[in-house]
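Here is what each chain is made of, one letter per residue.
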Amino acid sequence: MLFRSAARRAPKARGIYAQIGGSSPILGQTEAQARALEAALGSDHLWRAFVCMRYWHPMTDRVVQEVRAFAPDRIVLLPLYPQFSTTTTGSSVAAWQREIDRLRIPTTTVCCYSEAEGFIAASAELVKQELDALDDEGGGKARVLFSAHGLPEKIVRAGDPYQSQVERTAQRIAGTLGLADWAVCYQSRVGPLKWIGPSTHDEIARAGRDGVAVVVYPLAFVSEHSETLVELDIEYRAVAQALGVPDYRRA
């Protein structure tokens, strides 16, 4: 079944990545984040940051071998998902533990940082830059859409905290900026299941009906990839133009 699914999705995926040069920048950006983290932790070489991808190289088994060669006294797992979900952080940590258990190295995990002060401040600054640019150009009223990758409703009903954490992140950013007009929405739906909402498409349509400009902030992502560079920057921009949104910007 997995092979049939991959065969169906591969042509679509190739088309998506063709729009951004044939590949995703996520690995290069993640490597840059790792080196920046090492610099922030200090230059005494007691820390080393390894990049481990869930569905692309470098994958878990290879990174485990690199960690073994480094021979650390302890390991800290830092998922690059600000909000926790069993489908993202949970899945990634489980995959790591399956490979690393036999090394018996003390390991801790940074669960999530959906309301961490630095994350909220950095997010607010990015949104403010777009709102200020809109004001400078006389863009009129604007609505901020906090867009996150969606999940099937049944996963949230089973106790997954992702949606509540996404909403708290948005509330914190909106409060920091004193926003009066904002909404949380969800993108990237696939498959027949009912997903959490409202959808980003529906919120863009509402902005068109209300005649307000839109600033979209993907608050569940910390690097660029197809969901930001194609789905938000290309596909939803075209939707916004077609539905009469006066201006569309993505932080």
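Only a predicted model underlies this, so the values are computations on that prediction, with no experimental measurement involved. Throughout, residues of each chain are indexed from 1 in the direction in which the sequence is written. With the structure being a predicted model, the display of local features is reserved for residues of pLDDT at least 70 and the display and counting of side-chain atom pairs for 80 or more, all residues being used for whole-chain, interface and lining totals. Each side-chain value is derived from all of the structure's non-hydrogen atoms; neither hydrogens nor water enter the calculation.

This paragraph deals with the overall build of the protein. Secondary structure elements follow DSSP: runs of H or I of four or more residues count as helices, runs of E of two or more count as strands, with numbering from the N terminus. Counting its regular elements, the protein contains 9 helices and 6 strands. Rg of the C-alpha trace for the protein: 20 Å, near the compact-globule value of 18 Å for 251 residues, within the 12% margin. Expressed along its principal axes, the backbone C-alpha trace of the protein runs to roughly 60 × 45 × 40 Å. Here the term buried applies to any residue with accessible area under 20% of the maximum for its type, exposed to any over 50%, and partly exposed to those in between, with areas from a 1.4 Å probe on protein chains only. Here the protein holds 251 residues, and the buried ones make up 38% of them. For the protein, restricting intrachain contacts to residue pairs at least 6 apart in sequence, the fraction spanning at least 24 positions comes to 74%. To measure how exposed things are, a 1.4 Å probe is used in the Shrake-Rupley method; for residues, cover is taken only from the protein chains shown. A total of about 13900 Å² of accessible surface is found on the protein, and carbon and sulfur atoms cover 56% of it. Of note, the protein has its 28 positive side-chain charges centred 9 Å away from the centre of its 29 negative side-chain charges. Radius of gyration: C-alpha atoms only; globule rule: 2.2 Å multiplied by the number of residues to the exponent 0.38. Contacts between residues were defined by any pair of non-hydrogen atoms, one from each residue, lying within 4.5 Å. Only four residue types enter the tally: Lys and Arg on the positive side, Asp and Glu on the negative side, with His and both chain ends excluded. Taken as the charge centre is NZ of Lys, CZ of Arg, CG of Asp or CD of Glu, depending on the residue.

What follows covers the environment of A36. Mapping A36 onto the fold places it in helix 2 (residues 26-41). Distance in space between the C-alpha atoms of A36 and T86 is 27 Å, their sequence separation being 50 residues.

Centres within 6.5 Å make a pair out of two Phe, Tyr or Trp rings, where for Trp the six-membered ring is used; the pair is then stacked when the planes are under 30 degrees apart, edge-to-face when over 60, and tilted otherwise. Here the structure, examined in full by the defined rule, presents 3 aromatic pairs. Between F146 and W182, the aromatic rings sit 5.8 Å apart at their centres with planes inclined by 75°, giving edge-to-face as the arrangement. Taken together, the residues span a long stretch of sequence, with F146 in strand 3 (residues 142-149) and W182 in strand 4 (residues 182-187) at a distance of 36 residues. Taking relative accessible area as the criterion, F146 reaches 0% and is therefore assigned buried. Here W182 falls in the partly exposed class, since its relative accessible area comes to 29%.

Time to look at the nonpolar core. Residues belong to one nonpolar core when they are buried, are Ala, Val, Leu, Ile, Met, Phe, Trp, Tyr or Cys, and are joined through side-chain atoms within 4.5 Å. Among the nonpolar cores identified, the biggest contains 25 residues, and F146 and Y217 are the most heavily contacted of them. Residue contacts for Y217: discarding those within four places in its chain leaves F119, S123, L126, V127, L145, F146, S147, I173 and A251. One finds L145, A183, I204 and V212 within the second-largest nonpolar core, a separate group that totals 14 residues.

We now examine the packing of helix 5 (residues 117-136) against helix 7 (residues 162-177). Relative orientation of the contacting elements helix 5 and helix 7 amounts to 60°, with a least axis distance of 9 Å. Comparing their axes, helix 7 and helix 5 come out oblique. Both helix 5 and helix 7 take part in a crossing whose hand is right-handed. Between helix 5 and helix 7, the residues in contact are E117, F119, I120, S123, A124, V127 and K128 and T169, R172, I173, T176 and L177, respectively. Orientation is described by lines fitted to C-alpha atoms, with helices fitted over the stretch in contact, and by angles between N-to-C directions that extend from 0 to 180 degrees. Roughly parallel here means an angle under 35 degrees, roughly antiparallel means over 145, roughly perpendicular means 65 to 115, and every remaining angle is called oblique. Left-handed describes a crossing in which the near helix is turned anticlockwise from the far one by less than a right angle; the clockwise case is right-handed.

A word on helix 3 (residues 60-70). Because an α-helix completes one turn every 3.6 residues, residues spaced three or four positions apart along the sequence face the same direction. Within the sequence span of helix 3, burial applies to T60, V63, V64 and V67. Taken down its axis, helix 3 places every buried residue within 105° of arc, on the same side. For helix 3, the secondary structure elements touched by its buried residues are strand 1 (75-77) and helix 4 (86-100). A71 sits one or two residues past helix 3 and shows a positive phi near 55°. As used here, the arc belongs to the directions running from the helix axis to the C-beta atoms.

This part covers unusual backbone geometry. In this chain, H57 is followed by P58 through a cis amide linkage whose omega measures 0°. Within the secondary structure, P58 is located in the loop between helix 2 and helix 3. Located in the positive-phi region is S188, a residue other than glycine, with phi close to 70°. Here S188 is to be found in the loop between strand 4 and helix 8 (200-210).

Attention shifts here to helix 8. All of the buried residues in helix 8 are T200, E203, I204, A205, A207 and G208. Summarising the contacts, the buried residues of helix 8 are in contact with strand 3, strand 4, strand 5 (213-217), helix 9 (226-242) and strand 6 (248-250). Downstream of helix 8 by one or two residues, G211 has phi in the positive range, about 70°.

So, about a nonpolar patch on the surface. Each patch is assembled from residues with relative accessible area greater than 30% and no salt bridge, linking like charges that lie within 9 Å and nonpolar side chains (Val, Leu, Ile, Met, Phe, Trp, Tyr) that lie within 5 Å. Any carboxyl oxygen of Asp or Glu that lies within 4 Å of a side-chain nitrogen of Lys or Arg is treated as forming a salt bridge with it. A cluster of nonpolar side chains, namely L37, L41, L46, W47, V76, L78, L80 and V110, defines an oily patch on the protein surface of about 650 Å² accessible area. In this fold, L46 is placed in the loop between helix 2 and helix 3. With relative accessibility at 64%, the residue L46 sits in the exposed group.

The next subject is the state of the cysteines. For the purposes of this analysis, a disulfide is any pair of cysteine sulfur atoms at a distance within 2.5 Å. Under the criterion given, the structure shown has 0 disulfides. Not engaged in a disulfide, the cysteine C52 finds its nearest cysteine sulfur in C111; these two sulfurs lie 18 Å apart.

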